[in-house]
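Examining the three-dimensional arrangement
Here's the letter readout for the chains.
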Amino acid sequence: MQGYNSDLFLTTSETADLLGVHPSTVKRWADGDGLDADKTVGGHRRIYLRTALSFAEERGIDTFLTPFAPFESHVWLAVRDAKDHQDFQRIRSLALGWLIRGYPRRVTALFQELISRPDLSFAQVCDEAIQPFMAEVGTAWREGRLRIGEEHMASQAILEALIQFSPRNRLEDPDEDAGRRHPVAVVGAMEGDHHQIGSMCIRVLLEREGWQVFFPGANTPVEEFAAIQRARSADLVCISTSPPAAGANMRRATELLREYYRPTHPYNLVFGGSRIRSQSVLSGDLPFRSVELFESAREFTDWVRDRWGGADDKAWMESA
Ligand code: B12
């Protein structure tokens, strides 16, 4: 991995985005106020990335690239591909390269940068960046390019990035039972399933949508999902399950949860995980408000918003 691509140049609006100012300010700076710029034959300004970054440093402007030195150009290209072209290939290669070189904190920072981008949705980052990156980590481990410890560090790096985006300002509400202010969910992974990242994505996603989430995490016995649901009158029980046991897991969980179900505490049951759609759940007379299967965070978000409204839509306050 080369440290810096010194030939990389930006347009006026890309420079403005990087420096956090209006494009007209960049034009003013470029027209004699300290920012070196070239002009194309068509008269458009071109500013070298290294010039923009030195200018930022001189003026004390923090850019999102500053912490990534000396890989600013790699990160800039990777983030540009992600936000402008929905192409996460460079993100994956960069993160995998850093992991192999022993820079897991950079991996966390890179995914944090993606999640914080207003031009990318949280669900999209989960489905199109985190999921394929972790799949690549799995492949690299199988092919002997990564050690198991490095795979663990990749999982940890991603979990740390995700947890930063869980809203910190919402503690449990002691008055929750008196007057519900948030819809409530229980989210975790199936008993015997130690994969935690999928359910963590869903936990943070729901919290960002305004939900109160109880998160027992990976390897949660089905009875515990039932107990937490009942204790908290949760509207949703979300269970993550991985192949190859997904079908059997879903049938077992549905069977057990049916026994524990109380019509006084109704809820929707949701299963999620890769390639679970091909599996069958129990059919017949099920007591749940519905049983849903999702393979992506994006489809799940659409379904949640459709039923309960989005983060800015408080329709559920009346319906609760
Ligand atoms: C990291 C990892 C681990 C880590 C997990 C660490 C942790 N803290 O989570 C560890 C090392 C513990 C692990 C263990 C094992 N693993 Co593993 N693991 C992986 C790996 C590399 C990444 C999984 C991951 O985190 N993905 C990222 C998340 C975001 O993706 P996701 O879970 O699919 O979630 C997305 C969607 O599915 C969906 N979703 C997921 N859950 C939910 C829930 C709801 C409600 C909704 C709506 C949506 C939803 O939204 C998410 C965002 O897009 C995968 C490789 C791969 N190709 O996936 C293998 C993989 C899942 N593991 C596998 C295996 C076999 C195992 C082990 C059996 C290995 C072993 N021989 O010991 C054990 C099983 C342990 C157990 N009992 O569970 C297999 C699965 C089996 C299969 N394909 O048949 C995989 C696919 C690797 C492979 N190709 O063989 N693993």
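Heads up: the structure comes first, above all this text.
My aim in this report is to walk through the structure given alongside it, one point at a time. (Residues numbered from 1 in each chain as written. Predicted model: local features only at pLDDT ≥ 70, side-chain atom pairs only at ≥ 80, totals over all residues. Heavy atoms only, no water.)

**A short note on the coordination of the cobalt atom of the ligand**
Operational definition: Only nitrogen, oxygen and sulfur atoms qualify as donors, and only when within 2.8 Å of the metal (3.2 Å in the case of Na, K and Ca); with water excluded, sites may look incomplete. Put simply, DSSP H or I for four residues or longer makes a helix, DSSP E for two residues or longer makes a strand, and each gets a number counted from the N terminus.
In this structure, the cobalt atom of the ligand receives exactly one donor atom from the protein: His195 (NE2), at 2.2 Å. Mapped onto the fold, His195 is located in the loop between β4 (184–190) and α9 (197–208).

**As for the sheet that holds strand β5 (residues 212–220)**
Heads up, the condition is: If DSSP finds at least two bridges between two strands, the strands pair. Under this scheme, a helix contributes an axis fitted over its contacting stretch, all axes are lines through C-alpha atoms, and angles between N-to-C directions fall in the 0 to 180 degree range.
Strands sit in the order β5-β4-β6-β7-β8 across an open sheet of five strands; the sheet is parallel. Two strands close off the open sheet at either side, each with one partner strand: β5 and β8 (290–294). Strand-to-strand twist of the sheet, defined as the mean angle between neighbouring strand axes without regard to direction, takes the value 15°. Summarising the sheet, β4 and strand β6 (residues 236–240) pair through five bridges and their orientation is parallel. Residue pairing across strands places Val187 opposite Cys238, the latter belonging to β6.

**Concerning the sheet that holds strand β1 (residues 9–10)**
Strands sit in the order β1-β3-β2 across an open sheet of three strands; the sheet is antiparallel. Both outer strands of the open sheet, β1 and β2 (38–39), are each paired with one neighbouring strand and no more. Where β2 meets strand β3 (residues 45–48), two bridges bridge the pair, whose relative direction is antiparallel. Paired with Asp38 across the two strands is Arg46, which belongs to β3.

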